[in-house]
Amino acid sequence: MGIITFKKALLLIIYFFIFLSLTKNICASSSYVWHKSLGIDSYSQEIRVSPIDNNVIYATYRKFAESGLYKSIDRGNTFSLVFPITTNRDVNSIALSNSNIDKLWIGTWEDGIFFSGDSAQNWNPLGLENIHVRYITVDKSAQETLYVGSGETNLDGGVYRSFNQGNTWEPVGISTLGKKNVLDIAIDKNNPNGPLPI
């Protein structure tokens with residue numbers, strides 16, 4: 001029994017070194033190297049790459065009670081803070097314009113929607129305060145139209161829509177959806193004015 005156990009252990013060691021060798025060869029032949037770009041001990045709930053310039057990346061930041069938004073202009077090699085880190089204001093979602101690289105929206109937890117028209121240098125609040133924003137998206141076929149998914153409990157969930165880039169909002173589908181948590185929104189590109197699959 002002892003000899004068999006020794007042989008099994010020896011085989012496992014041999015397999016382990018073969019695996020290390022293969023892994024090393026794969027990593028050496030790959031042109032991608034992973035590294036920690038933000039350099040902070042935290043996590044990101046959402047990352048968005050600009051549909052206009054893929055060098056531009058936005059990433060939400062979350063650590064305990066602190067939250068903010070970071071931006072990279074060199075494909076993620078370096079990031080800078082563009083939305084101030086604050087307590088009890090979670091930045092949950094990012095929406096980028098498909099036609100104007102300077103325009104973006106972020107959704108927060110109970111602080112509403114914020115808009116920047118100058119590539120995240122300045123921010124303006126756009127309402128929906130006291131709403132738990134979970135997701136925000138821009139209608140690709142109508143850049144003035146935005147949709148927001150929200151909810152923490154069945155008391156404040158649902159979908160909100162704006163036809164003027166977020167200046168005013170209206171609830172959508174409350175009669176059919178109720179006030180349920182909405183984590184994601186899909187828009188039918190063939191019928192953008194029709195129902196929202198959620």
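Note that this is a predicted model, so its numbers are computed, not measured.

**Q** Give me the lowdown on the overall build of the protein, citing residues and values where you can.
**A** When helices and strands are counted, the protein shows two helices and twelve strands. For the protein, the sequential pattern of α-helices and β-strands runs α-β-β-β-β-β-β-β-β-β-β-β-β-α. The buried share among the 198 residues of the protein stands at 38%. Excluding contacts between residues fewer than 6 apart, the proportion of contacts in the protein whose partners are at least 24 apart in sequence is 34%. Surface exposure of the protein reaches about 12,100 Å², of which carbon and sulfur atoms provide 57%.

**Q** Now, about the sheet that holds strand β12 (residues 170-172): what can you tell me, with residues and values included?
**A** Strands sit in the order β9-β10-β11-β12 across an open sheet of four strands; the sheet is antiparallel. Of all the strands in the sheet, just β9 (133-138) and β12 have a single pairing partner and so form its edges. Within this sheet the neighbouring strands show an average axis-to-axis angle of 30°, counted without direction. Across three bridges, the pairing between strand β11 (residues 158-162) and β12 is antiparallel. What sits directly across from Y160, in β12, is P171.

**Q** Go over the packing of aromatic side chains, please, and point to the residues and values.
**A** By the definition in use, this model includes three aromatic pairs. Both rings, one in F83 and one in W123, keep their centres 5.3 Å apart while their planes meet at 85°; by these two values the pair is edge-to-face. Here W123 lies in the loop between β7 (113-116) and β8 (124-125) and F83 lies in strand β4 (residues 80-87), a separation of 40 residues in the sequence. W123 carries the same exposure label as F83, and that label is buried. Following the ring pairs from residue to residue traces out a cluster consisting of F83, F114 and W123.

**Q** Could you give me a rundown of the side chain of T137, with the residues and numbers involved?
**A** Here T137 lies in strand β9. Setting aside residues up to four positions removed in sequence, T137 forms contacts with A95, T145, L146, Y147, I185 and I187.

**Q** Can you break down the nonpolar core residue by residue, with the values?
**A** Counting residues in each nonpolar core, the largest one holds 14 residues, and the members touching the most others are W105, I113, L128, I136, V148 and W169. Take this core: its biggest share by element is three residues, from β9. With sequence-adjacent residues up to four places away left out, I136 is seen in contact with S93, I94, A95, W105, G107, I113, L146, Y147 and V148.

So, how was this worked out
- Residues numbered from 1 in each chain as written.
- Predicted model: local features only at pLDDT ≥ 70, side-chain atom pairs only at ≥ 80, totals over all residues.
- Heavy atoms only, no water.
- Helix = DSSP H or I, 4+ residues; strand = E, 2+ residues; numbered from the N terminus.
- Buried < 20%, exposed > 50% of the residue type's maximum accessible area, 1.4 Å probe, protein only.
- Contact = heavy atoms within 4.5 Å.
- Areas by Shrake-Rupley, 256 points an atom, 1.4 Å probe, with all protein chains shown as cover.
- Pairing = 2+ DSSP bridges.
- Axes fitted to C-alpha atoms, helices over the stretch in contact; angles between N-to-C directions.
- Phe/Tyr/Trp six-rings, centres within 6.5 Å; stacked < 30°, edge-to-face > 60°.
- Core = buried A, V, L, I, M, F, W, Y, C linked by side-chain atoms within 4.5 Å.

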